[in-house]
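# Structural overview for review
If you want the building blocks of each chain, they are given just below.
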Amino acid sequence: MLQLRFLGGTVLGCRYAIPASLATPDHQHDRVVEHVEDALARVVIEHPALRLVAVKADTKRPAWVAVDQLDFTHHVQWADLSSDDGDGEGGGGADGSAEAVVSEETLRARIERCLDESYATEAEGPQWRVIILFKSRGDSVLDVIFDYSHALGDGMSGKIFHESLLRSLNHTSATPSPPAGTETSATPSALSNHILKIPSTARTLAPPVEKVGKFSISPKFALSTIWKELRPPKLASTSTRLAHWAPIRATPYRTHFRAFRIAADTLKQIQAACRAHGTTITGLLHALVLVPMAMHIPEKEAVAFTGSTPLDLRRHLVGSPEVKRLGFDPRRTIANYVSIMYHKFGAELVREIREIVTAKRRGNGENREDGEDRGGEERGDEGGDREDITPELVSLIWKCAARVRGEVQKRLDGGLKNDIASLMGLVPDWRAQHRMDAQKPRAMSWVVTNLGVLDGNLHSEPKSSFTDDTDNTGNNAESTAKVGNEGKEEKKEQNGFEASLKRESRERGESSWKITHSTFAISTEVNGAAFQVSPISVKNGAMCVGCSWQDCVVSLELAEAVVADMERWLLFLGRVVTRHDTIV
């Protein structure tokens, strides 16, 4: 798809808090650069995918070749924004903090630009780069943007990259700087003058998912999937659930990107509401895209919708014989270990949403038709106006969210049975397949790609962040366990041990790198979903919801209305849970 310009980059940006020892007013920028690039060198050596270049990319059978060295002057870019105060940069972030390196708008614009910059014409090595935004006047944070080709890894790979980088930074910071001219494990000799030489002992590329997983495919599923995916355009489905409202266009290829943040306190309330209604953030976001899509797209253009959810397959690969033989952890491996599932929102459901909204508007004395632009109507604070919010619509949202959650859970419980990822190798020429797909109606109106929670306090050798012992708010389930009847002395010893741990954690925290918030963005996929939603949150912090779409496929007015309504609904639902408001 990169060669055809059907897909751009994937971007995950994280804001790193620099340790106090490096963030002093008189710190030298060169020292920060040294720490970061040493840490990046470790990450590249750890992850084989970051050392690969594609050969024969314009043929039916492209292949990967590993490089023996990388030039960090090409892959790592430092951007000093100290002189950009005139654009409003350097002010506080969305949360009002005074330490933000750049404004949210500047960060958004940088990410949007990255999404469209093609890797296809580059011959400078592996298709990834790290852009680091900083201020040389003593600021205590860096914005680190990881921009990479989807050919190297899926969305979860971006999260794995940043978690690896954070561990590596803290490993480097935990080791005192050596005297000049000496080498230690914290300053690998493989990196010299910004050139990284790959050790011969570095791990090789992990196998593709179809070689790692134990897939089980029924003949019925195989035949129906092959027919649906490979049939010629003239025999394509005419289902009303297809995105006929957003026809596939290869040009102009330009991605628009917007993002908004939900504060940590509000997010906790939303998560509590999700649990109470038997759903998750992913399920809720599907419902909160469906409602504005039904509201703003006229019925004559869309009678029903199809949404989709990418599924991380790593949990199903951990115990496979191939993984055990090769001795690697898929949960900490940059790769394309992802599949996808679809959610159908039928005509009856969409009609019900429109009828509820229309009735509410008529009750308010309005005559606006479905799909008509809302223009510059004013919205109240803390969740906006309530012109379209009714008990019936709130109930319907939770019902849809719970249904999506049930569908996802059922698919996860099924493991690798009847998964489309196992059939990818049957396509003889992916370029020809993508060209053929571009002549068919678009299948999906939207996709929700949720990377979940990123732990911003990882150290050099932590417990894996992929374990399931934390709930959605990041609280360890064991932390609330009651102390048994072991006697006062044991309790006293336990309390002393806990105090020691807290003291050690506090001391370590003052000298550790941390991630304070994150932004996830995915580029337009010409044949993919018309509208992309990409949430991610930092443990005990805010959630950022990214939204992207293709220029001239989705109108700017429609896309921004959907983004605004999603934010409005999330703020409203968080406020309702907090204040126990009554919807009237």
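The structure displayed is predicted, hence computed values, not measured ones.

### Some thoughts on the confidence of the model for the protein chain
Scored by pLDDT, the protein chain comes out at a mean of 81, with 76% of its residues at no less than 70. Per-residue pLDDT stays below 50 along residues 85-100; that stretch engages in 29 contacts with residues further than four places along the chain or on separate chains.

### Points about the pattern of salt bridges
The tally for this structure, following the rule as stated, stands at 16 salt bridges. Here R15 and D143 are joined by a salt bridge, their closest N and O atoms 2.8 Å apart. Placement of R15 in strand β1 (residues 9-17) and of D143 in strand β7 (residues 141-149) is noted, with a sequence separation of 128 residues between them. We classify R15 as buried; its relative accessible area is 4%. Among the ionic pairs, R258 bridges to E560, the shortest N-O distance being 3.1 Å. One end of the pair, R258, is in strand β10 (residues 255-262); the other, E560, is in helix α15 (residues 556-579), and 302 residues separate them in sequence.

### Description of the pairing of β1
With nine of its nine residues buried, β1 lies for the most part within the structure. The two faces of β1 match: G9, V11, G13, R15 and A17 on one face and T10, L12, C14 and Y16 on the other face are all buried. Pairing of β1 with β7 involves nine bridges; the strand directions are antiparallel. Its bridge partner lying in β7, L12 is registered against F146. Here β1 runs beside strand β15 (residues 514-522); their pairing, made up of eight bridges, is antiparallel. When the bridges of β15 are listed, L12 appears paired with F520.

### Observations regarding the sheet that holds β1
Strand order in this open sheet of five strands is β5-β6-β7-β1-β15, and the pairing throughout is mixed. With partners counted over all chains shown, the strands left at the sheet margins are β5 (76-80) and β15, one partner each. On average, each strand axis in the sheet is tilted by 20 degrees relative to the strand beside it, whichever way the strands run. As judged from the six bridges shared by strand β6 (residues 128-134) and β7, these two strands associate in the antiparallel manner. The residue of β7 that forms the bridge with I131 is I145. Helix α1 (residues 29-46) contacts β5, β6 and β7 of the sheet and is inclined by roughly 155 degrees relative to β5.

### Topic: the sheet that holds strand β4 (residues 69-71)
The strand order across the open sheet formed by three strands is β4-β9-β8, and the pairing between neighbours is antiparallel. Two strands close off the open sheet at either side, each with one partner strand: β4 and β8 (191-192). Taken together, the three bridges between β4 and strand β9 (residues 195-197) define a ladder with antiparallel strand orientation. Counted as the bridge partner of D71 is I195 from β9.

### Here's the deal with helix α11 (residues 347-363)
Spanning 17 residues, α11 covers 24 Å between terminal C-alpha atoms, matching the ideal 24 Å at 1.5 Å per step. Of the residues making up α11, those classed as buried are L349, V350, I353, R354, I356, V357, K360 and R361. One face of α11 carries all of its buried residues, which in axial projection span an arc of 155 degrees. Those residues of α11 that are exposed and aimed more than 90 degrees away from the buried face are E348, R362 and G363. Here the buried face of α11 lies against α8 (281-296), β11 (305-312), β12 (338-345) and α12 (391-413).

### Notes on α12
In a regular helix each residue adds 1.5 Å, so 23 residues correspond to 33 Å; α12 covers 33 Å between its end C-alpha atoms and thus fits that length. Looking at α12, one finds that the buried residues are L393, V394, L396, I397, W398, C400, A401, V404, V408, R411 and L412. Of the residues trailing α12, G415 is marked for its positive phi of about 65 degrees.

### Examining the environment of W245
Tracing the chain through its elements places W245 in the loop between α6 (219-230) and β10. Overall, the relative accessible area of 10% leaves W245 in the buried class. Between the C-alpha atom of W245 and that of E301, which follows or precedes it by 56 residues, the distance is 5.2 Å. Dropping the residues within four chain positions of it, W245 is found in contact with M293, I297, E301, A302, F305, S445, A530, V554 and L558. In this structure the side chain of W245 is engaged in a polar contact, spanning 2.9 Å, whose partner is the side chain of S445.

Rules of the game
- Residues numbered from 1 in each chain as written.
- Predicted model: local features only at pLDDT ≥ 70, side-chain atom pairs only at ≥ 80, totals over all residues.
- Heavy atoms only, no water.
- pLDDT = per-residue confidence, 0-100.
- Contact = heavy atoms within 4.5 Å.
- Salt bridge = Lys/Arg side-chain N within 4 Å of Asp/Glu carboxyl O.
- Helix = DSSP H or I, 4+ residues; strand = E, 2+ residues; numbered from the N terminus.
- Buried < 20%, exposed > 50% of the residue type's maximum accessible area, 1.4 Å probe, protein only.
- Pairing = 2+ DSSP bridges.
- Axes fitted to C-alpha atoms, helices over the stretch in contact; angles between N-to-C directions.
- Expected span 1.5 Å × (residues − 1).
- Arc of directions from axis to C-beta.
- Polar contact = N/O pair within 3.5 Å; in protein donor to acceptor, adjacent residues only side chain to side chain.

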